[in-house]
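Commentary on secondary and tertiary structure
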Amino acid sequence: MKRFDAVVIGGGILGCFVARNLRRWNISTLLVEKEGDVCTGITRANSAIVYAGYDNKPGSSKAEMTVRGNANMDSLCEELEVPFSRCGSLLVTYDVSSVPKLERKLENGRQNGVAGMRMLTGEEAEAMEPMLKKGIAAAVYAPSTGTVNPWQLGIAAYENAVQNGAQVSLNTSVNGIRREDSGYILLTSGESIACKVVINCAGLYADQLQQLLFPPSTRLKLDGAEYLVLDPLARKPEHIIFHQADSCGKGITAIPCVEGNLLISGVRKDLTVPFATTAEGLEELYADTHRLLPELDTSMVIRSFGAVRPNPYRESGESIPDFCVENPAPGFYSLIGIKTPGLTCSNELGLALGEKAAAFLQAEKNICFNPHRKAIEKKKEDPDYCQILCQCERITKGEIMEAIRRGATTVDGVKRRVGSGMGRCQGSRCTWEIEKLLEENGHGAI
Amino acid sequence: MEQYDILIIGGGAAGISAAKAAKGAQVLLVDRKNALGGVLLQCTHQGFGKNKSGIEYAADLIKDFPQEVSLTLNTTVLSISKDRTALLSGKEFGLREIRFSQLILATGCREIPMGALPIAGTRPKGVYTAGQMQAMMNLHGHTPEGPVVILGSGDLGLIMAKQLAQAGLAVTLVEKKDHCGGMIKNQRCLKEFPIRLICGDTITEVHGYPQISGCTTAKGITIPCSTLLIAAGLVPERELIFGMEKYDWLHICGNCNTVHPMVEAVINEGKLSGVAACNNLRGSL
């Protein structure tokens, strides 16, 4: 039986950052993921927002971590070579009666230490974002809000964890956990694994995972939202636009992503099928989008998708507004219901868990830890890096081969690493060739 | 920097005929594929010229392709600048910047993918565009799993319906309009094969994950399927010259100008662009 100091269960962005930060210490680490690749769940369908931190209750760990995660995002993205855009955000309302809500957010922001926020008049907001429907009552401007690609950040953390010695077991689900004097035994779909520390980052299944050994005091209720992605050539707002729900609509969000696409996120609602969109949801989202951004050319939508969010609540039914790390027994930590602003806080949560595990294990600092990870390069003298396979996003054979070397085993895995197939033809011209390259490298037939 | 009188982007029917018409000029033709012919090369069905297949028709077109035209295959044009330079990227020459006097855009069109349509549900495997499947079948010998649903009964939808029915697969066509959308000659397959045609309806939801298991229409019909082809229309591929449409050195021809149902019209436009580019060259001398 393999033995590790710590096992992280779940290879979403959170698990990847926990694994990365465990390696800041002399903690032998294994990341276990049930799928064949990391970042295939909540991480792959996400609003991509790095929040400023004015939404959260002053004094909460969410508020504190969000402001810190936001401030540290530049250096984190530099270390991991992931593009980050601090585009700023506008929270707008069209109803005078909603202005006090905005004032409360501003006050929250002040108390939480969010820098540079201010209230704008409707005219000021309209001048800043001329594509917004006229008639804005007021807006909160937060210059520190930004956007980062969630799966790129997660995969970067994963690669950095592996490069620092974390081991990985993909296609491995945990079916049972036993407690022993020396720690825990994980019964998996493969070999059993012994460890002293278990960190449960199982996302949508985190409550069920803890249930294998301890009754969780936190439960998950899933909800979902629809998203639209626009062609990068579409004229779009420059800031992230949050629309405070009012008489003009239910409150959608428009995000100008680092890749140049505008992403539009709809309103959260009860979930029927995870990661599926609903016809009514899409219809509503198009209608809300037209209302908020009347000049936006929605004929330039290239994709719609559904996202899932895990909402934590107590047995009593009361929802839990803050991040909570359950610690039902020594060495067992559960991150249940880490939702918005989980992306913003992913490295901060990882750091916190790393410290908890290190204190428990009395581990020393890993002096060899290297926080830097190299991104897949765009241009090289190599002829493979001049051969374009994905015409829309201009992704070369060289980049795709490197994505496969780094662990992509499916067309989607390649897509998440280099962005192939994300463009206006949605992979209809490059999928075959990428599948062929995957096959040549031993990754299954179509 | 290399300098050409005329740069032609795209080596399909439009680009080839433009190259032929651009007599006396120094021409560079660039295509991203490894052969001239464009989309014709994936068309095994009859119906081009006097009942030739696309492949045969392309072979005829290429026969008298002018020797003096410089040809660069396996190369993508990354960008066009207003100062009339183009950045090329290809496995043989690497990155290469060239200067041109006249530009003929003959980049054809692309298909509307499922993502662009308001179709709800999961995002399963087994959904392709019709032309994508045409290339998979005719260039790579792939056969999809049936039953197959095709959204859109335009020419491409009908051509694929016929080919799949010929391969013995059960095919259902779903058409938004209240009548079949394609040319009469392409509609004949509806009589020759047991192809189901549903008009006045459209697909609003797909089911199944990770593989597609069926789709539902606006009128509530659920059709089980293992493959869904989107034949919902073609879009001229003009992003390369975004914001440059007004320049007189730019000539747009073929399906990137407007989508033509007949190859003859594409060839004619290519010819006109070739001549216009040459006339502009003479005018500037």
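Just so it is clear, the model here is predicted, and its values are computed rather than measured.

Let's shift gears to the side chain of E126 of chain A. Residues and elements named next belong to chain A. Here E126 shows up in helix α5 (residues 122–128). Look at E126: it is buried, it has no salt bridge, and the nearest opposite charge is K134 at 5.4 Å. Look past the residues within four positions of E126 in its chain and what remains in contact with it is K133, K134, G135 and I136.

Mapping E237 of chain B onto the fold places it in the loop between β19 (234–236) and β20 (250–252). Look at E237 of chain B and you get buried, because its relative accessible area is 15%. Ignoring any residue separated from it by four or fewer positions in sequence, one finds E237 of chain B in contact with R429 of chain A together with L105, T107, G108, C109, R110 and C256 of chain B.

Moving on, we get to a positive patch on the surface. Side chains of K162, K185, R188 and K191 of chain B sit close together on the surface and give a patch of like positive charge. When you line up the elements, K162 of chain B lands in helix α4 (residues 155–166).

Attention shifts here to the domain arrangement of chain B. By convention, interface size is frequently given as the accessible area that disappears when the constituent parts associate. All names here are of chain B. Each assigned domain of chain B is listed with its residue range as follows: domain 1 (2–108 + 237–284) and domain 2 (111–233). The straight-line distance from the C-alpha centre of domain 1 to that of domain 2 is 31 Å. With eight residues of domain 1 at the contact, the number on the domain 2 side is 10 residues. Roughly 690 Å² of surface becomes buried between domain 1 and domain 2 when both sides are summed, with 53% attributable to carbon and sulfur atoms. Broken down residue by residue, the surface that domain 1 buries against domain 2 is led by Q42, T44 and H45, which jointly contribute 61%. The interface formed by domain 1 and domain 2 includes zero salt bridges. Our enumeration of links across domain 1 and domain 2 arrives at five residue pairs in polar contact (both at pLDDT 80 or more).

Here we come to the packing of aromatic side chains. Residues and elements named next belong to chain A. Scanning all chains against the criterion turns up seven aromatic pairs over all chains. Look at F214 and F332: their rings are 5.1 Å apart centre to centre, the planes differ by 80 degrees, and that puts the pair in the edge-to-face class. Linking F214 in the loop between α7 (206–211) and β13 (218–230) with F332 in strand β20 (residues 332–335), this pair joins segments that are 118 residues apart in sequence. The rings of Y184, F214 and F332 are connected pair by pair, giving a single aromatic cluster. Just above the ring of F275 sits the side chain of R44; from NZ or CZ to the centre is 4.7 Å. The ring of Y94 carries the charged tip of K133 above its face, separated from the ring centre by 5.6 Å.

What counts and how
- Residues numbered from 1 in each chain as written.
- Chains lettered and ligands numbered in written order.
- Predicted model: local features only at pLDDT ≥ 70, side-chain atom pairs only at ≥ 80, totals over all residues.
- Heavy atoms only, no water.
- Helix = DSSP H or I, 4+ residues; strand = E, 2+ residues; numbered from the N terminus.
- Buried < 20%, exposed > 50% of the residue type's maximum accessible area, 1.4 Å probe, protein only.
- Lys, Arg positive; Asp, Glu negative; His and termini not counted.
- Salt bridge = Lys/Arg side-chain N within 4 Å of Asp/Glu carboxyl O.
- Contact = heavy atoms within 4.5 Å.
- Patch = residues over 30% accessible without salt bridge, like charges linked within 9 Å, V, L, I, M, F, W, Y side chains within 5 Å.
- Areas by Shrake-Rupley, 256 points an atom, 1.4 Å probe, with all protein chains shown as cover.
- Charge placed at Lys NZ, Arg CZ, Asp CG, Glu CD.
- Domains from an automatic or database assignment.
- Buried area = accessible area lost by both parts, 1.4 Å probe.
- Polar contact = N/O pair within 3.5 Å; in protein donor to acceptor, adjacent residues only side chain to side chain.
- Phe/Tyr/Trp six-rings, centres within 6.5 Å; stacked < 30°, edge-to-face > 60°.
- Lys NZ or Arg CZ within 6 Å of the ring centre and 35° of its normal.

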